[in-house]
Amino acid sequence: MITRMSTSKKNSFILVIIAFACISFTFKPDWGFYSHRLINKMAVFTLPQSLLRFYKPHIGFITESAVNPDMRRYATKYEAMRHYIDIDQWDTIPFSKLPRDFEEALVKYSSFHLINTNGDSIKMNFAFTNVDSLVEISFLKTKESFRKKDFMGFITQDLMPQFYDDEMKISTLKLNYWLKKSFIDTEKYPQLVLVDEFTEHGILPYYIEQGYSKLVKAYLKKDKDQILRHAADLGHYIGDLHTPLHTVKNYNGQLTDQLGIHPFWESRIPELFALEEYDFYVGKAEIVLDVRNYIWDILADTHSKAYDVLRIEKELSTKFPSDKQWCFDVRLDQTVRIQCREYAKAYENALKGMVEEQMTKTIKVTGDLWYSAWVEAGSPDLRKLDKNPIAEEKIVNDPTLSVREY
Ligand SMILES: [Zn+2]
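Computed from a predicted model, the values in this text were never measured in an experiment.

Looking only at helices and strands, one finds 14 helices and eight strands in the protein. Relative to the 2.2 N^0.38 estimate, which gives 22 Å for 406 residues, the radius of gyration of the protein is 24 Å and therefore close to what a compact globule would have. Its C-alpha atoms put the protein at 75 × 60 × 40 Å along the principal axes. Relative to its full complement of 406 residues, the protein shows a buried share of 34%. Taking contacts inside the protein between residues at least 6 apart in sequence as the whole, the part at least 24 apart equals 69%.

Given below as structure tokens:
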């Protein structure tokens, strides 16, 4: 629920936003990251006094670092998947098929292969039966049911630590140990491999939950650097969670001849109209008790808007004069082809305030989760932590990486 404020209060608040936004433009004149920075900055002001006192001296870091996760997309192959989920690959609202536990989802939509002594492989199949909390495992003519809890113990304790290795390969002895019987002939099939077929479609909601846990731990340790880094990162991914095209396979209109719609919606429109028109007042951060379902409810809400984002632009593009849709502009000494202001305005009007609504929600949700993580950590007293600035993260690009471009 968005609370409204009186006009005089609102005007002074808008002036504060303009002042902060001008600073952003002055120091870093790039455009694509504008919304992420503004959201992290505004989220600081939703916090209660006890936390605001800690965050405020570091507002510059929180603001600038809001874009670090995007910069990291070119540094490690594991980063890009954290920014989106092609949820239409797996499920439809209300997302009852796709497990909300990351490890269960990974197992459900990946494949397992037993490797024999010659290095040949055969596929193992897994099926969860929710009613009895069982998992049915089958390969060749063998088929048996086990307790899901035991099987997931194997995944969590023994397999997941290899998630960042090149290959998730493990001795079948380990599986037999967890299943409490000699289910696999370990002499014939000494190894088991999990082939990840899940994460290429993105892990955004799962990663927000992980990011939240990291923030709780940082608060528990009263580790100033870690609190600020995890809070800044979390704000970024929450921003992505509110961007409808981060939740569909047709993420940049590439399947519907609408290439460029992704930056049109999330960068061009806020850059043109956020300061002039948006009312970012969201009230105070509130405590979230069920973080996982809170995240998935937001995902459902965001995803429900994706088809409007695409449909409305498609309809507009057929009505609006075609020679007035694309303009040229100079950015950082380069001429770029970009949607004309008038066309952007027409799209913004047709969207009926959707971009503003999504940005405003992001600010509130970011504040909610920064605050809730602190409460979950036992509301540690952060007053004694020094106020010295912390170092900017050093991000080194890997030139061999190819990542999803918008
Ligand atoms: Zn992102």
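This part is about the sheet that holds strand 1 (residues 111-115). Read from one edge of the open sheet, six strands run 4-3-2-1-6-5, paired in antiparallel fashion. Of all strands in the sheet, those bounded by a partner on one side alone are strand 4 (142-147) and strand 5 (168-171). When the angles between neighbouring strand axes are averaged without regard to direction, this sheet yields 25°. In this structure, strand 5 lies alongside strand 6 (residues 191-195), joined through four bridges in antiparallel fashion.

Geometrically, the link from isoleucine 93 to proline 94 is a cis peptide bond, its omega value of 15° lying close to zero. Turning to its location among the elements, proline 94 is positioned in the loop between helix 5 (68-72) and helix 6 (102-109). A positive phi angle, close to 55°, is found at phenylalanine 95, a residue other than glycine. Mapped onto the fold, phenylalanine 95 is located in the loop between helix 5 and helix 6. On the neighbour-count criterion, phenylalanine 95 (17 C-beta atoms within 10 Å) is partly exposed.

Look at helix 12 (residues 291-319) against helix 13 (residues 341-350): their axes get within 10 Å of each other, and the N-to-C directions meet at 135°. In terms of orientation, helix 12 and helix 13 fall into the oblique class. The chirality of how helix 12 crosses helix 13 is right-handed. Facing Ile312, Glu313 and Leu316 of helix 12, the residues of helix 13 in contact are Ala346, Tyr347 and Ala350. Across the contact of helix 12 with helix 13, the residue classes break down as five nonpolar, no polar and one charged.

Taking 1.5 Å per residue, 29 residues should reach 42 Å; helix 12 reaches 43 Å between its end C-alpha atoms and fits that length. Of the residues making up helix 12, those classed as buried are Ile295, Trp296, Leu299, Thr302, His303, Ala306, Val309, Leu310 and Glu313. Where helix 12 is buried, its residues touch helix 9 (204-220), helix 10 (224-241), helix 11 (261-277) and helix 13.

Our focus in this paragraph is the nonpolar core. Leu204, Ile208, Leu215, Ala231, Leu234, Trp370 and Ala373 are the most contacted members of the largest nonpolar core, which totals 69 residues. If we ignore the near neighbours within four places in the chain, the residues touching leucine 215 are Ile227, His230, Ala231, Leu234 and Ala373.

A word on the domain arrangement of the protein. Along its sequence, the protein is carved into domain 1 (7-92 + 202-376) and domain 2 (111-195). The distance between the C-alpha centroids of domain 1 and domain 2 comes to 39 Å.

Attention now goes to the pairing of strand 1. Judged by which residues are buried, strand 1 turns out to be one-sided: Phe112 and Leu114 face inward and are buried, whereas Ser111, His113 and Ile115, on the alternate face, are not. Taken together, strand 1 and the strand that follows it, strand 2 (residues 121-129), pair antiparallel across an intervening segment of five residues, in which glycine 119 is found at a positive phi of about 90°.

It is worth spelling out the packing of helix 11 against helix 13 at this point. Following both chains from N to C, one finds helix 11 and helix 13 inclined at 95°, their axes separated by 10 Å at the closest point. Our classification of the angle between helix 11 and helix 13 gives roughly perpendicular. Between helix 11, through Arg268, Ile269, Leu272 and Phe273, and helix 13, the contact on the second element is made entirely by Arg341, Ala344, Tyr347 and Glu348.

Before going further, it helps to examine the pairing of strand 8 (residues 334-339). When strand 7 (residues 326-331) meets strand 8, the two strands line up antiparallel, connected through six bridges. Bridging across to strand 8, aspartate 329 finds its partner in valine 336. A loop of two residues connects strand 7 with strand 8, the two strands running antiparallel in sequence, and leucine 332 in this loop sits at a positive phi of about 45°.

Calculation criteria
Residues numbered from 1 in each chain as written. Predicted model: local features only at pLDDT ≥ 70, side-chain atom pairs only at ≥ 80, totals over all residues. Helix = DSSP H or I, 4+ residues; strand = E, 2+ residues; numbered from the N terminus. Rg over C-alpha atoms; globule rule 2.2 N^0.38 Å. Buried ≥ 20, exposed ≤ 12 C-beta atoms within 10 Å, placed from the backbone. Contact = placed C-beta atoms within 7 Å. Pairing = 2+ DSSP bridges. Axes fitted to C-alpha atoms, helices over the stretch in contact; angles between N-to-C directions. Parallel < 35°, antiparallel > 145°, perpendicular 65-115°, else oblique. Left-handed = near helix turned anticlockwise from the far one by under 90°. Nonpolar A, V, L, I, M, F, W, Y, C, P; charged D, E, K, R; others polar. Expected span 1.5 Å × (residues − 1). Core = buried A, V, L, I, M, F, W, Y, C linked by C-beta atoms within 7 Å. Domains from an automatic or database assignment.

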